Amino acid sequence: MPIIAPADSTAEAPTEPATVPQQEQEPESVIEEQPVAAAEPEPAVTVSAPVYVRPVSGAVLTPFSGDTLLFQPTMGDWRVHAGTDFLPKPVKPCSH
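Quick summary incoming for the structure in this document. (Residues numbered from 1 in each chain as written. Predicted model: local features only at pLDDT ≥ 70, side-chain atom pairs only at ≥ 80, totals over all residues. Heavy atoms only, no water.)

1. A closer look at the overall build of the protein
Next, step 1: Scanning the protein from terminus to terminus reveals zero helices and four strands.
Next, step 2: The helix and strand sequence of the protein, counted from the amino end, reads β-β-β-β.
Next, step 3: In the protein, the proportion of contacts linking residues at least 24 apart, taken out of those at least 6 apart, comes to 36%.
Next, step 4: Counting only carbon and sulfur atoms, one obtains 59% of the accessible surface of the protein, whose full area is about 10,600 Å². (Helix = DSSP H or I, 4+ residues; strand = E, 2+ residues; numbered from the N terminus. Contact = heavy atoms within 4.5 Å. Areas by Shrake-Rupley, 256 points an atom, 1.4 Å probe, with all protein chains shown as cover.)

2. Let's talk about the side chain of Ser-65
Next, step 1: With respect to the secondary-structure elements, Ser-65 resides in the loop between β1 (58-62) and β2 (70-72).
Next, step 2: Not counting residues up to four positions away in its chain, the partners in contact with Ser-65 are Leu-70, Val-80 and His-81.

3. Here's the deal with a nonpolar patch on the surface
Next, step 1: A cluster of nonpolar residues, Leu-69, Phe-71, Trp-78 and Val-80, forms a patch on the protein surface that exposes about 430 Å² of accessible area.
Next, step 2: Mapped onto the secondary structure, Trp-78 falls in strand β3 (residues 77-79).
Next, step 3: A residue is classified by how much of its surface remains accessible, and Trp-78, at 57% relative accessible area, is exposed. (Patch = residues over 30% accessible without salt bridge, like charges linked within 9 Å, V, L, I, M, F, W, Y side chains within 5 Å. Salt bridge = Lys/Arg side-chain N within 4 Å of Asp/Glu carboxyl O. Buried < 20%, exposed > 50% of the residue type's maximum accessible area, 1.4 Å probe, protein only.)

4. Side note on the pattern of salt bridges
Think of it this way: side chains of opposite charge can pair up when their charged atoms draw near.
Next, step 1: Under the definition given, this model contains one salt bridge.
Next, step 2: Asp-77 is the salt-bridge partner of Arg-79, the closest N and O atoms lying 2.8 Å from each other.
Next, step 3: With a relative accessible area of 33%, Arg-79 lands in the partly exposed category.
Next, step 4: Using a relative accessible area of 26% as the deciding quantity, one classes Asp-77 as partly exposed.

5. Side note on the side chain of Gln-72
Next, step 1: Mapped onto the elements, Gln-72 comes out in strand β2.
Next, step 2: Residue classification places Gln-72 among the buried positions, given a relative accessible area of 18%.
Next, step 3: Sequence-distant contacts of Gln-72, defined by excluding residues within four places in its chain, comprise Asp-77, Arg-79 and His-81.

6. Brief notes about the environment of Phe-71
Next, step 1: Mapped onto the elements, Phe-71 comes out in strand β2.
Next, step 2: Spatially, the C-alpha atom of Phe-71 lies 9.4 Å from that of His-81, the residues being 10 residues apart in sequence.
Next, step 3: Ignoring sequence-local partners within four residues, the contact set of Phe-71 consists of Gly-76, Asp-77 and Trp-78.

Listed below in structure tokens is the structure:
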């Protein structure tokens with residue numbers, strides 16, 4: 001096999017650099033930063049427990065029973081009472 005010597009480093013290199021055609025560049029647009037207004041804090045919300053008011057004054061006839069069955073004499077069966085029955089004060093009848 002023949003021995004190949006490395007290329008001579010003293011060989012003349014081209015004197016002109018290769019030129020690459022340059023494309024016309026558009027000027028960069030400058031974006032101005034707008035000051036950002038600080039967000040106003042939201043007002044505090046006060047949450048209170050609901051207030052219940054009796055529809056009439058008077059004694060409670062039948063309380064709310066929840067899950068407890070109560071005997072209903074009108075219907076003759078056992079059922080929950082989903083409301084509260086009040087005995088209002090007597091009202092004078094009006095005459096026509």
